[in-house]
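If you want the building blocks of each chain, they are given just below.
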Amino acid sequence: IALTPQVAALFRGRFGRAVAIQHSGLSDGERHDQWHRIRRGEVEVVVGTRSAVFAPLTSPGLIIVDEEHDTSYKQEESPRYHGRDVAVMRGSRERALVVLGSATPSMESYQNAEADKYARVTLERRVLDRPLAAVRIVNMRDEYADEGPDVVISRALAAGVEDRLARHEQVLVLLNRRGYATAVFCRQCGDTYECPNCSVSLTVHTARHGWRAPCHYCNYSVVVPKRCRKCAAPYLEHAGFGTEKVEQQLRERFPAARIGRIDRDSVRRKGALTELLTRFASGALDVLVGTQMIAKGHDFPNVTLVGVISADVGLGLADFRAAERTFQLLTQVAGRAGRGERSGEAVVQTLYPDHYSIQLARRQDYPAFFEKELQYRRGMRYPPFLAMINVVVRGRTFEQAMDTAVDITRRLGPAIATGGFAILGPAPAPLGKLRGEHRVQFFLKGQKRAT
């Protein structure tokens with residue numbers, strides 16, 4: 001949705017009123033009107049998010065999936081589907097050309113190109129032969145040793161921002177974590193504020209009417225008190241940081257700078273996202289802080305510096321795609337710098353400067369990353385070498401969820417012998433409790449997804 005206004009403007013500039021927009025940011029009435037325009041044949045081009053792949057065009061000839069690697073194409077609630085995979089299937093059935101576009105393709109799509117299932121077309125140079133941004137890695141362990149453990153903005157990034165402001169150039173700062181702090185705990189008794197419905201800590205947010213700590217999954221929320229709720233000690237600490245704290249620190253360091261923030265909290269009001277992006281594009285803002293919403297696809301010619309806070313925030317996730325997603329995010333955000341006539345630079349702050357995903361993102365070398373990651377996937381028997389299905393079982397208690405999962409896997413026993421696939425688990429899911437339900441998971445792994 002963040003990219004839709006920019007892309008829609010480009011297409012409407014070329015094709016006029018024959019363009020329809022489809023995404024969940026529209027009102028029900030707007031979506032209804034657009035859908036019927038498409039169905040009546042008044043539209044030649046549909047621009048939208050993943051649901052646009054179902055647009056009722058009578059004879060589509062071309063389906064383009066831009067940033068095909070992006071995780072937002074996967075819908076996690078019912079009906080579950082992957083927009084890119086639906087596009088490939090619809091293109092096959094409609095005999096339409098499907099174009100999957102990305103500077104950092106998914107491992108599965110690139111493997112299909114290597115195996116000649118897809119035709120690979122490579123753009124060897126940037127538009128107008130502009131050079132890639134120079135990427136500088138900052139080891140935050142050195143920063144903590146020299147400056148203390150509370151450093152958020154490194155010396156290199158602060159100097160870069162100061163230099164760009166003096167030259168009237170613009171800066172993007174990425175942190176893929178919203179809020180002010182990631183946890184609240186008592187220094188005396190150790191009590192931590194956690195969601196009663198989900199297995200997560202509450203995230204601190206600054207609000208007009210005081211500090212609040214909501215859950216990012218179920219929206220349970222409490223006011224952050226001055227004293228501990230258990231021992232009444234006045235020693236409540238805020239641990240970690242998010243985009244709100246980065247914005248605050250930039251405002252304190254650069255009081256004359258015009259700073260905006262884009263994350264799910266700042267763009268809840270309809271039209272707020274388009275308004276912020278328009279202000280930044282027009283030069284009314286100097287620095288834009290944001291989550292991954294700002295990392296890809298945007299074209300701001302006056303941005304010459306991109307700062308990445310906590311580049312490794314995704315590496316600790318229990319996900320075999322963690323390195324792939326880190327590489328993609330860093331490469332994509334570095335590509336936002338130097339898109340105009342002036343050269344660009346990216347400053348990447350990390351605790352793991354030697355990790356291959358970060359080093360290869362610094363070089364923006366996708367083929368080298370693909371080969372390195374392929375070794376890991378082959379050794380661990382992960383996709384794209386095997387098909388893998390994650391099954392999540394939910395129950396009112398942990399025992400109920402586990403008993404159900406055990407029953408399902410036991411009944412699958414005969415199929416394993418003949419189907420050529422294996423079962424891993426069941427075991428507690430990484431997010432063991434969500435919206436009041438306990439969760440247990442198991443995996444099916446095999447050569448043939450259909451089986």
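Since the structure is predicted, the reported quantities are computational estimates derived from the model, not experimental observations.

Let us look at the pattern of salt bridges. Under the criterion given, the structure shown has 29 salt bridges. One salt bridge connects Arg 90 with Glu 94, and the closest N-O pair in it is separated by 3.4 Å. Remark: Glu 94 and Arg 90 occur in helix α3 (residues 83-94); sequence separation between them is four residues, near one turn of the helix. Among the residues examined, Arg 90 registers a relative accessible area of 17% and is labelled buried.

Attention now moves to the nonpolar core. Ile 262, Val 306 and Val 308 are the most contacted members of the largest nonpolar core, which has 38 residues in total. Counting residues per element, the ones that place at least two in this core are α4 (107-114), β8 (170-174), α8 (272-281), β16 (303-308), α9 (322-334), β17 (345-350), α10 (356-363) and α11 (366-380). Non-local contacts of Val 308, meaning those with residues more than four positions away in its chain, are made with Leu 174, Leu 330, Val 333, Val 347, Val 348 and Gln 349. Listed in part, the 23 residues of the second largest apolar core include Val 138, Ile 153, Leu 157 and Phe 241.

Now for unusual backbone geometry. Following Pro 383, the chain continues into Pro 384 via a peptide bond in cis, with omega recorded as 15°. Position of Pro 384 relative to the elements: it lies in the loop between α11 and β18 (387-395). The peptide bond linking Gly 425 to Pro 426 adopts the cis configuration, its omega dihedral lying at 10°. Of note, Pro 426 is situated in strand β19 (residues 421-434). Even without being a glycine, Arg 95 presents a positive backbone phi close to 55°. Note on placement: Arg 95 falls in the loop between α3 and β6 (97-101). Note on Arg 95: relative accessible area 78%, which makes it exposed. Located in the positive-phi region is Arg 381, a residue other than glycine, with phi close to 55°.

Here the focus is the packing of α9 against α11. Contact geometry of α9 with α11 gives a least axis separation of 11 Å together with a crossing angle of 170°. Taken together, the axes of α9 and α11 lie roughly antiparallel to each other. Judged by residue contacts, Ala 323, Glu 324 and Phe 327 of α9 engage Tyr 366, Phe 369, Glu 373 and Arg 377 from α11.

To continue, consider the side chain of Glu 324. In this structure, Glu 324 sits in helix α9. We classify Glu 324 as buried; its relative accessible area is 4%. With near-sequence residues (within four places) excluded, Glu 324 lies in contact with Pro 105, Ser 106, Met 107, Phe 369, Glu 373 and Arg 377.

Moving on: the sheet that holds β16. Strand order across the open sheet formed by six strands is β7-β17-β16-β8-β15-β14, with parallel pairing between neighbours. Strand pairing shows two members of the sheet lacking a second neighbour, β7 (134-139) and β14 (259-262), which therefore form its edges. Sheet twist, expressed as the mean angle between neighbouring strand axes with direction ignored, is 15°. As defined by bridge partners, β8 adjoins β16 across five bridges and the pair is classed as parallel. Looking at β16, one finds that Val 173 is bridged to Gly 307. Sheet contacts for helix α6 (residues 155-166): β7, β8, β15 (287-290), β16 and β17; angle to β16, the most-contacted strand, approximately 160°.

Let us look at the side chain of Thr 104. Within the element layout of this structure, Thr 104 appears in the loop between β6 and α4. Setting aside anything within four residues of it in sequence, one finds Thr 104 in contact with His 69, Phe 327, Gln 328, Thr 331, Gln 332 and Tyr 366.

A few words now on α8. Three or more residues of α8 are buried, namely Ala 272, Leu 273, Leu 276, Leu 277 and Phe 280. One face of α8 carries all of its buried residues, which in axial projection span an arc of 130°. Of the surrounding secondary structure, the elements contacted by the buried residues of α8 are β8, β14, β15 and β16. One or two steps after α8, the chain reaches Gly 283, where phi turns positive at roughly 90°.

To continue, consider helix α5 (residues 140-147). A distance of 2.9 Å separates the backbone nitrogen of Arg 141 from a side-chain oxygen at the start of α5, and that oxygen is part of Asn 139. Downstream of α5 by one or two residues, Gly 148 has phi in the positive range, about 105°.

This part covers the packing of aromatic side chains. Under the definition given, this model contains 12 aromatic pairs. Ring geometry for Phe 54 and Tyr 81: centres 5.0 Å apart, planes at 70°, overall edge-to-face. With Phe 54 in the loop between β2 (45-48) and β3 (62-66) and Tyr 81 in strand β5 (residues 81-82), this residue pair connects regions lying 27 residues apart in the sequence. Taking relative accessible area as the criterion, Phe 54 reaches 48% and is therefore assigned partly exposed. Tyr 81 gets classed as buried once you look at its relative accessible area, which sits at 13%. Relative to Phe 300, the ring of Phe 280 lies with its centre 4.9 Å away and its plane at 85°, an arrangement referred to as edge-to-face. Taken together, the positions of Phe 280 in helix α8 and Phe 300 in the loop between β15 and β16 put the pair 20 residues apart, joining distant regions of the chain.

Reading the values: the criteria
- Residues numbered from 1 in each chain as written.
- Predicted model: local features only at pLDDT ≥ 70, side-chain atom pairs only at ≥ 80, totals over all residues.
- Heavy atoms only, no water.
- Salt bridge = Lys/Arg side-chain N within 4 Å of Asp/Glu carboxyl O.
- Helix = DSSP H or I, 4+ residues; strand = E, 2+ residues; numbered from the N terminus.
- Buried < 20%, exposed > 50% of the residue type's maximum accessible area, 1.4 Å probe, protein only.
- Core = buried A, V, L, I, M, F, W, Y, C linked by side-chain atoms within 4.5 Å.
- Contact = heavy atoms within 4.5 Å.
- Axes fitted to C-alpha atoms, helices over the stretch in contact; angles between N-to-C directions.
- Parallel < 35°, antiparallel > 145°, perpendicular 65-115°, else oblique.
- Pairing = 2+ DSSP bridges.
- Arc of directions from axis to C-beta.
- Polar contact = N/O pair within 3.5 Å; in protein donor to acceptor, adjacent residues only side chain to side chain.
- Phe/Tyr/Trp six-rings, centres within 6.5 Å; stacked < 30°, edge-to-face > 60°.

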